[in-house]
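Here's the letter readout for the chains.
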Amino acid sequence: MEFGKIIKTFKSKKGNEVILRYPREEDLEEMLSYVNELIKDDTFVLISGKPQTKEDEKKFLTQLLKNMQRGDVLSLVIEQSGKIIGMTGVTREKFRMRHVGMLGISLSAQVRGEGIGTMAFATIIEESKKMGLRLLTLHCFENNSRALHMYEKFGFVRVGMIPKAVLFREKYIGQIIMYLPLVK
């Protein structure tokens, strides 16, 4: 595992260069800024509440890099003009489910709709196959129709919903569970 290694470079719909790469220790400040932007936006991600501290984010990043070295996690930073604008990753399940990965993606509000999320999602799926995963799963807020549409476009299938599983903007909403087989 080469931290910081570039996996893909492409142009967004607005013509901006976007880099998908492995995270590295030097990303701490940018990652802290990014996660706190997501918290402030109160967007469709599980993290919410008070802003993260530098200490919180350092613990997260240190554990993320350890998990990547072990092959339990694959994470990609989405970068534009030297700024982290998103992240995507897959976490390998344990024991008898090591062939299954739980997928996640987040993107800054100001770059949504530029095709960046779609390209990052396609890339993390391809990288998941290289990990030897046979099945991907994900969870999505029931009211995140834009994300649900993208996931279904990639072939993810809804398996069910856990009603009122997520507290989002002072309301309990359902969490949709989806899966995508990587091998037939």
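Here we summarise the structure given alongside this text. (Residues numbered from 1 in each chain as written. Predicted model: local features only at pLDDT ≥ 70, side-chain atom pairs only at ≥ 80, totals over all residues. Heavy atoms only, no water.)

Some remarks on the overall build of the protein chain
Looking only at helices and strands, the protein chain features 4 helices and 8 strands. If you list the helices and strands of the protein chain from N to C, you get β-β-α-α-β-β-β-α-β-α-β-β. Computed over its C-alpha atoms, the radius of gyration of the protein chain comes to 16 Å, within 12% of the 16 Å expected for a compact globule of 184 residues. Each principal axis of the C-alpha atoms in the protein chain carries an extent, and together these give about 40 × 40 × 35 Å. A total of 184 residues make up the protein chain; the buried ones form 45% of that total. At a minimum sequence separation of 6, the contacts of the protein chain that also span at least 24 residues come to 58%. Counting every atom, the protein chain has about 10400 Å² of accessible surface; 52% of that belongs to carbon and sulfur. Distance between charge centres in the protein chain, computed from 30 positive and 22 negative side chains, equals 6 Å. (Helix = DSSP H or I, 4+ residues; strand = E, 2+ residues; numbered from the N terminus. Rg over C-alpha atoms; globule rule 2.2 N^0.38 Å. Buried < 20%, exposed > 50% of the residue type's maximum accessible area, 1.4 Å probe, protein only. Contact = heavy atoms within 4.5 Å. Areas by Shrake-Rupley, 256 points an atom, 1.4 Å probe, with all protein chains shown as cover. Lys, Arg positive; Asp, Glu negative; His and termini not counted. Charge placed at Lys NZ, Arg CZ, Asp CG, Glu CD.)

Quick notes on the sheet that holds strand β7 (residues 157-168)
A sheet is described by the order of its strands in space; here 8 strands give the open sequence β1-β2-β3-β4-β5-β6-β8-β7, paired in mixed fashion. Since the sheet does not close on itself, it has two edges, and those belong to β1 (6-11) and β7, each with one partner. Each adjacent strand pair in this sheet contributes to an overall mean axis angle of 20 degrees, direction not counted. Contacting β5 (100-107), β6 (135-141), β7 and β8 (171-181), helix α4 (residues 145-153) crosses the sheet at an angle of about 160 degrees to β6. (Pairing = 2+ DSSP bridges. Axes fitted to C-alpha atoms, helices over the stretch in contact; angles between N-to-C directions.)

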